[in-house]
Amino acid sequence: MNNLSIWQQLIEQTQMRWGEVLEATSIHIQLVFFSMLIAIVLGVSLGILVTRVPKLSTLILGGSGVMQTIPSLALLGFMIPIFGIGVKTAIAALFLYSLLPIIRNTYTGINDVDPATREAAKGMGMTSMQILFKVELPLAIPIIMAGIRTAAVINVGNATLAAFIGAGGLGDFIFLGITRGIDGLILLGAIPAALLAIVLEVFFGSVERWTTPKGLKAE
């Protein structure tokens, strides 16, 4: 099938299913948003915890690393007995897949802060909590945001698999297109998913620039 016919199929499918595309995109965004929100809150917290209690590094970093090695569909399968078929299972699996980059980058970013900077903060009478929130986290922001950006892009792609367990999203079109052999239908799900990943990359890049201390920004 030539490329022209594929794009003709895409146009035809878009005209026929525009309302469905909008609904699927909305569901896809919700899956990514809620799973990423939980992953960011818990991931950053665990990353901070590991810097304070190094003995937990093997458990926390190792455990989140193991999650990354489990195939996406297998992880969804493991979640089904706990949460059942549907959105909850998809969010739980996406959340687990997003943890490692966020935990690892938070841990690395804080550990990379110059010890002399910490000593200077202590010399000024700052408490450990003040040093964390006023010195370490602001300096670690670029690395932490890099982890969040990575997790978000991976999350968008993995969210297409949610269609396998009835959670909806843009994966519905991809798998329907594969089943029916309609390339235009596959693109109807793939293109919005790719655009969503690009939008998130740009968004988190802007957040990174906005939150990075002026002294760390490139001239």
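As annotated in an unreviewed UniProt entry, the chain carries the name ABC transporter permease and comes from Sporosarcina thermotolerans. Per UniProt, the chain carries the Sequence similarities (unreviewed entry) text "Belongs to the binding-protein-dependent transport system permease family."

A probe matching the size of a water molecule, rolled over the atoms, marks out where space remains unfilled. Tallied over the entire structure, the rule returns one cavity of 30 Å³ or more. Of the pockets and cavities examined, the largest cavity occupies roughly 80 Å³. As for the largest cavity, its lining consists of Ser 72, Leu 76, Ala 90, Ala 93, Leu 94, Tyr 97, Asn 158, Ala 159, Leu 161 and Ala 162. Of all the secondary structure elements, the ones that give two or more residues to the lining of the largest cavity are α3 (72–83), α4 (87–111) and α6 (128–159). Looking at the lining of the largest cavity element by element, the count peaks at four residues for α4. Here the residues of the lining of the largest cavity are counted per class, giving eight nonpolar, two polar and no charged.

Applying the stated criterion to the full structure yields three aromatic pairs. Ring geometry for Phe 33 and Phe 34: centres 5.2 Å apart, planes at 80°, overall edge-to-face. Each ring, one from Phe 203 and one from Phe 204, has its centre 5.2 Å from the other, and the planes form 65°; the classification is edge-to-face. Note on Phe 203: relative accessible area 47%, which makes it partly exposed. Looking at Phe 204, the relative accessible area reads 11%, which means it is buried.

All right, on to the packing of α3 against α4 then. Remark: α3 packs on α4, axes separated minimally by 9 Å, with the N-to-C direction vectors making an angle of 130°. By the angle between their axes, α3 is oblique relative to α4. The handedness of the crossing between α3 and α4 is right-handed. On α4, the residues that touch Ser 72, Leu 75, Leu 76, Met 79, Ile 80 and Phe 83 of α3 are Lys 88, Thr 89, Ala 90, Ala 92, Ala 93, Leu 96 and Tyr 97.

This part takes up the UniProt feature "transmembrane region" (unreviewed entry) in the chain. In this numbering, the UniProt entry assigns the feature "transmembrane region" (unreviewed entry) to residues 31–53, 73–97, 160–178 and 185–207. Between the end C-alpha atoms of residues 160–178 there is a gap of 13 Å, over a span that is 42% helix and 0% strand.

Let us now look at the layout of surface pockets. Taken as a whole, the largest pocket spans an internal volume of roughly 200 Å³. Around the largest pocket, the lining residues are Ile 29, Val 32, Phe 33, Met 36, Leu 37, Ile 40, Ala 152, Leu 196, Leu 200, Phe 203 and Phe 204. Elements represented by at least two residues in the lining of the largest pocket include exactly α1 (3–52) and α8 (183–211). When residues of the lining of the largest pocket are assigned to their parent elements, the largest contribution, six residues, is made by α1.

Following the sequence through the fold, Ile 165 ends up in the loop between α6 and α7 (171–180). Residue Ile 165 is classed as buried on the basis of its relative accessible area of 7%. In this structure, the C-alpha to C-alpha distance between Ile 165 and Ser 98, residues 67 residues apart in sequence, is 19 Å. Residues contacting Ile 165, with those up to four places away along its chain left out, are Leu 76, Ile 80, Ile 85, Gly 86, Thr 89 and Ala 90.

What counts and what doesn't
- Residues numbered from 1 in each chain as written.
- Predicted model: local features only at pLDDT ≥ 70, side-chain atom pairs only at ≥ 80, totals over all residues.
- Heavy atoms only, no water.
- UniProt positions renumbered as here; feature names shortened; annotations may be inferred.
- 1 Å grid on protein atoms, 1.4 Å probe; cavity = no way out; pocket = protein on both sides within 12 Å on 5 of 7 lines; lining within 4 Å.
- Points joined across faces, edges and corners; volume = space filled by probe spheres on them.
- Helix = DSSP H or I, 4+ residues; strand = E, 2+ residues; numbered from the N terminus.
- Nonpolar A, V, L, I, M, F, W, Y, C, P; charged D, E, K, R; others polar.
- Phe/Tyr/Trp six-rings, centres within 6.5 Å; stacked < 30°, edge-to-face > 60°.
- Buried < 20%, exposed > 50% of the residue type's maximum accessible area, 1.4 Å probe, protein only.
- Axes fitted to C-alpha atoms, helices over the stretch in contact; angles between N-to-C directions.
- Parallel < 35°, antiparallel > 145°, perpendicular 65-115°, else oblique.
- Left-handed = near helix turned anticlockwise from the far one by under 90°.
- Contact = heavy atoms within 4.5 Å.

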